[in-house]
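Spelled out from the first residue to the last, the chains are:
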Amino acid sequence: MNPDFFKRLGDPKSWNRSSILFFAGILGVFFLLAGGFSPQKDEKEAPSDPAALDVSGREYEIQLEQKLTELLSSIQGAGKIQVAVSLESGEQTIYALDEKNQGQTNAYETQHVLVKAQEGERPLVEMIWEPEIRGVAVVCEGAEQVQVCAQITEAISVLTGVSSNRISIAKMSQTEGTK
């Protein structure tokens, strides 16, 4: 490109009506495309009842406890470890919705999007949220060492996203450690 092109582009005197309209049109197309990517607000979540964790929520809890136990037991000075994880709610599923205009009344009808499957029609799953972790309790032999407690707290916080005030670490009793 000619270096004079950029000099002329910065000079408002060299702009003509057609170049201004062209750039305004490009900007308008950009805003139209960017507006099409905004999230919809009419998604419905499955109800979450902390007392009624589903089977997959319990499986998630057990797997998380096993992974944390395996990882935390490798921290130097921690010794034998037991981990308990408490979940806030079970797995939440968000289903795809289809919104149809009812004509001139500006009323909209919202229905779940159904897809064909081997067992018939089923709703289309848009997103599945993993269960939210309420807290983590750790019982270990090395809990009397402040550095070990800090390392355990940091490891749990980084891996799960749980804040440190929801992590409890206690010293394992002598009778429990010898089993």
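This text goes with the structure placed above it.
A few points on the structure. Bear in mind the structure is a predicted one, so any value in this text is a computation, not a measurement.

Counting 21 residues, the largest nonpolar core has Leu72, Val138 and Ile152 as its most contacted members. Listing elements by their share of this core, those giving two or more residues are helix 3 (55-72), strand 1 (81-87), strand 8 (133-140) and helix 4 (146-160). Broken down by element, this core gets its largest block of residues, 5 residues, from helix 4. Apart from residues no more than four positions distant in its own chain, valine 138 is found in contact with Leu72, Ile81, Gln82, Val83, Ile152, Ile156, Ser168, Ile169 and Ala170.

Right, let's talk about the sheet that holds strand 1 for a bit. With mixed pairing, the 3 strands of this open sheet are ordered in space as 1-8-9. Strand pairing shows two members of the sheet lacking a second neighbour, strand 1 and strand 9 (167-171), which therefore form its edges. Neighbouring strand axes in the sheet, compared pairwise and without regard to direction, differ in orientation by 15 degrees on average. With respect to the sheet, helix 4 is in contact with strand 1, strand 8 and strand 9, its orientation differing from that of strand 9 by roughly 150 degrees.

This part is about helix 4. Taking 1.5 Å per residue as the helical rise, helix 4 with its 15 residues ought to reach 21 Å, and the 21 Å between its terminal C-alpha atoms agrees with that figure. The positive-phi residue at the C-terminal boundary of helix 4 is glycine 161, with phi of around 80 degrees.

A cluster of nonpolar side chains, namely Phe22, Phe23 and Ile26, defines an oily patch on the protein surface of about 340 Å² accessible area. By the element assignment, phenylalanine 22 lies in helix 2 (residues 17-35). With relative accessibility at 53%, the residue phenylalanine 22 sits in the exposed group.

In the structure shown here, the tally under the stated rule is 3 salt bridges. Residue arginine 134 is joined to glutamate 88 by a salt bridge in which the shortest nitrogen-to-oxygen separation is 3.4 Å. Linking arginine 134 in strand 8 with glutamate 88 in the loop between strand 1 and strand 2 (92-95), this pair joins segments that are 46 residues apart in sequence. Look at arginine 134 and you get partly exposed, because its relative accessible area is 36%. With relative accessibility at 27%, the residue glutamate 88 sits in the partly exposed group.

Our next topic: the environment of glutamine 63. The residue glutamine 63 is located in helix 3 in this model. Of the residues examined, glutamine 63 reaches a relative accessible area of 46% and is grouped as partly exposed.

Definitions and limits used
Residues numbered from 1 in each chain as written. Predicted model: local features only at pLDDT ≥ 70, side-chain atom pairs only at ≥ 80, totals over all residues. Heavy atoms only, no water. Core = buried A, V, L, I, M, F, W, Y, C linked by side-chain atoms within 4.5 Å. Buried < 20%, exposed > 50% of the residue type's maximum accessible area, 1.4 Å probe, protein only. Helix = DSSP H or I, 4+ residues; strand = E, 2+ residues; numbered from the N terminus. Contact = heavy atoms within 4.5 Å. Pairing = 2+ DSSP bridges. Axes fitted to C-alpha atoms, helices over the stretch in contact; angles between N-to-C directions. Expected span 1.5 Å × (residues − 1). Patch = residues over 30% accessible without salt bridge, like charges linked within 9 Å, V, L, I, M, F, W, Y side chains within 5 Å. Areas by Shrake-Rupley, 256 points an atom, 1.4 Å probe, with all protein chains shown as cover. Salt bridge = Lys/Arg side-chain N within 4 Å of Asp/Glu carboxyl O.

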